[in-house]
Amino acid sequence: MTSDKAFQDFLSEAQETVENLNRTLLALDAGKVDPDLVNDAFRAVHSLKGLAGLFGVGRMASLSHTLENLLDSLRLGRVAVSAAILDLLFEAVEIYGRLMAAVSEGRPADSPEVDGFVARIEQAARAGARAQTQKRQDLALDPSILSVLSEYEEHRLRENLAAGRTLFRVHAAFDLAGIDHGLDELKARLKPLGEVITYLPTPDSGDGEGIELDVILATDAHHPAVAGAVGGRAEVTELVAGRAPLAAATGARAEEDATLRSVSRTVRVDIRKLDHLMNLVGELTLARAGVQGVLEDLRGEGHLELARRLQQESRVLERKLDELQSGILEVRMVPLGQIFDKLSRVVRRISRDAGKEIRLTISGADTELDKLIVEELSDPLMHVIRNSIDHGIEPTDVRRAAGKDETGTIWVSAQQRGNHVVIEVRDDGRGFDEDRILETAIQRRLIDAAQAADLSRRELLNLVFLPGFSTRERASELSGRGVGLDVVKTNIARLSGIIDVESTRGKGTSLIITLPVTLAIIQALIIRAAGRSYAIPLNSVLETITATRGEVKTIERREVLTVRGQTLALARVEQALDVARAGPTPERMYVVVVGLAQHRLGLVVDDFVGQENIVIKSLSGPLNAVPGIAGATELGGQQVVLVLDVAALVEESLRGEEAA
Amino acid sequence: MPDKDIVFATEDTYHHGYAQKQRAAFSREVLSFALGGEEYAIDILRIREILKHRAATEVPRAPAFILGVIAVRGQIIPVMDLRLRVRVAAAPPAKESRILVVTHAGEAYGLLVDAVHQVVRMRDEDVEPPPALLGGPEGEFIAGIGRPRPDRMLILLNLGALLSFTVEKS
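Reading guide: rules and limits
- Residues numbered from 1 in each chain as written.
- Chains lettered and ligands numbered in written order.
- Predicted model: local features only at pLDDT ≥ 70, side-chain atom pairs only at ≥ 80, totals over all residues.
- Helix = DSSP H or I, 4+ residues; strand = E, 2+ residues; numbered from the N terminus.
- Buried ≥ 20, exposed ≤ 12 C-beta atoms within 10 Å, placed from the backbone.
- Contact = placed C-beta atoms within 7 Å.
- Pairing = 2+ DSSP bridges.
- Axes fitted to C-alpha atoms, helices over the stretch in contact; angles between N-to-C directions.
- Expected span 1.5 Å × (residues − 1).

Looking at this structure, I do not really get the overall build of chain B. What am I missing?
Scanning chain B from N- to C-terminus turns up four helices and 11 strands. Burial analysis of chain B (170 residues in total) assigns 28% to the buried set. Taking the intrachain contacts of chain B between residues at least 6 apart in sequence as the baseline, contacts between residues at least 24 apart amount to 54%.

Below is the structure:
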């Protein structure tokens, strides 16, 4: 059998190919039928077939084989590209996903599903088949050219002539050594003008020195434009006159060529390798701290000149280390478009299942986030969208009655703000019903009636994030499965993110997710409490304030502080972690206000030490499960400090609140 | 022409084979160390390195025998006070104290011991099963008793049992 690594490579390559296929299908779905897109889809399925065959995933190979036939028929115009066919192709993308998931978990790929699907594709291909009435002879073209065209080329020729394009023969000579490059260059020059149908060797070529080719081009451009494009390096003859008016040649295709080239220059890297590099940079930073120590010693012993030179070198080293670090971080970044593509597919399918008309508008797909975060974000985001489709957007008749656009809209937008990325999912649906939320929360005993009366609107809306909350009596097929917004919140919190909700009844709902750009290296506040140092990730710190012991009040024995008229629950770090304090707490205290989603907590510390860039490392073995500790980091001089798990501390404080 | 398949034993090959047989017989190599006046040992293959004692960063809610975590070559590893773990009376670290960095289930751990002695080679038959009277919680840490010489006794530790513990949930 094949090695594990090879198999992992297979999976990631197959996944990438399926994602490309999905993107191609989305492009096809969005616009007119572009032959290049159909070809891209064909190539994607073809390589999947090859991959699956190579790795003995029989189901995937047979699925790919059937799809390949279908796409070949589309490519050749034997079957028309229709919405029904596109639906099938999108479904195929999902089946690929399930097959790969099964294979990666070592489960057998699900056969009845694939078999049934294959049968449906074949049926659709038969149903969509166009009558082939035209014959080769009816084309007004030199038979010596006609006879050598492949079926696909002939189809493209026919389509172009039907569209009224002009056919040119571009005759060019190449020397044998440079033909690959020369032909590519010629095609690149011609592509912006139209479609290169084929290229054929000419009968009189072959004197041993060079080779002469006829390139057949279909275009809306006129003779001078074509001749200008080839720049006198080839002879241009009109074969069939077109009907089209003079059209400006588009540069879009040339651009497409450029992106194709860049694809071949990328490499796939296991994220763990990047983690390893990041660790190495961390160690180098520590080594530099060591050099700094030597420098101080030199200075102390009066070697001022040596110390000065070392200082200079050390600064260069520091700068380069910073560059190296940000370089590695940059490599880890992937555009959110990767998951937005999946969202489009899901919206398409779910809205159809739910019988609702929904338009998905995406912006900021090029916003970049750490690969690991993007991976983890996929499920919560999918869930939020499902919620919008299922609960947010009203059925068509209700929307019509309310005087709204019958087609509901979901906007997904992303933008970077400093070290954070803000993702908003907004719909123009019915919005949250505050009364229903209150009613449900009281009924489920999440709050009591007295508490309910004191809630602000914001607090009220945030009740939907509580575990065990679901506004629908019966979980639906779509967003059901017992998963609620609380799970979304937990998943986002695990990524050190915050989720917030805004909603207007009748107008729509908006969920705003704020995430750090990366978790690989983070900024942290180093604090001291009870004689020990701890690191608090800066992305969850909202502000730091100072207070005196006298300002602290207690509510039901829990310490609170009034900040700008609002009550802030306090937690002393040493008490939250159960570590002993020698001596009394100091009179003057520092409070680090941390936020997790909509909750705020003031962590009481003895002192601020400073701010550092840290790499969080998890604790091994059973210690990994210590509540309140996210991991540890090395600060130089072999000093290890623990990194506080803000999410866990806030949750713990909330539990304490409920118990009180 | 001589048959290539037949190889005649020379004195060299005889000695070579004998040495291999000897090595196979002394198949166990353990590192012995002192702990509370007794001599313990761990399979040498499990030991990654030996460090001088250094202060560990305390981890809250961890069992008392976990001294904390230290950084070793960029890795953060927990350090266990082996005295407390095997219920020998606690003692402050001394000049000879060492931290044995061992690997178990793909992760590294540090074990604080009183002093490191040497590598001891033993035959399989030099190892006795753990004595039955050593039942109770400590008994499970003992993989066997090694007797490389009639007058020497090594307590062989079971790393898997030593390193399986849980932390208190809040």
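Would you explain the overall build of chain A in this entry?
From N to C terminus, chain A includes 21 helices and 22 strands. Residues classed as buried in chain A amount to 31% of the 660 residues present. Long-range contacts, defined as pairs at least 24 residues apart, comprise 70% of the intrachain contacts of chain A with a sequence gap of at least 6.

I would appreciate a short explanation of the sheet that holds strand β2 (residues 38-43) of chain B in the present structure.
Whenever strands of a sheet pair, they do so through backbone hydrogen bonds, lying parallel or antiparallel. Taken in spatial order, the six strands make up an open sheet running β8-β1-β2-β11-β10-β9 (chain B), and their pairing is mixed. At either end of the open sheet lies a strand with only one pairing partner, and these are β8 (115-122) and β9 (127-128) of chain B.

What exactly am I supposed to notice about the interface of chain B and chain A here?
Interface size is commonly expressed as the accessible area that is lost once the parts come together. Contact residues are listed per partner, giving 23 residues for chain B and 25 residues for chain A. Elements represented by at least two residues in the side of chain B that touches chain A include exactly β4 (66-72), β5 (75-81) and β7 (107-113) of chain B.

I would appreciate a short explanation of the sheet that holds strand β21 (residues 629-634) of chain A in the present structure.
Residues and elements named next belong to chain A. Spatially, five strands are ordered β20-β12-β13-β22-β21 in an open sheet, and the strand pairing comes out mixed. Sheet topology places β20 (607-614) and β21 at the edges, where each strand pairs with a single neighbour. Each strand of the sheet is rotated relative to its neighbour by a mean of 35°, with strand direction disregarded. Pairing geometry for β21 and strand β22 (residues 640-644), over five bridges, is antiparallel. In the strand pairing of β22, Thr633 is matched with Val641.

Would you take a moment to explain helix α1 (residues 4-30) of chain A for this structure?
In an α-helix, one full turn covers 3.6 residues, which means residues spaced three or four apart are oriented alike. Residues and elements named next belong to chain A. Here α1 is 27 residues long and its end C-alpha atoms lie 39 Å apart, about the 39 Å a rise of 1.5 Å per residue gives. Residues of α1 that are buried include every one of Ala14, Thr17, Val18, Leu21, Asn22, Thr24, Leu25 and Leu28, and no others. Contacts from the buried residues of α1 go to α2 (35-54), α4 (83-104) and α13 (337-353).

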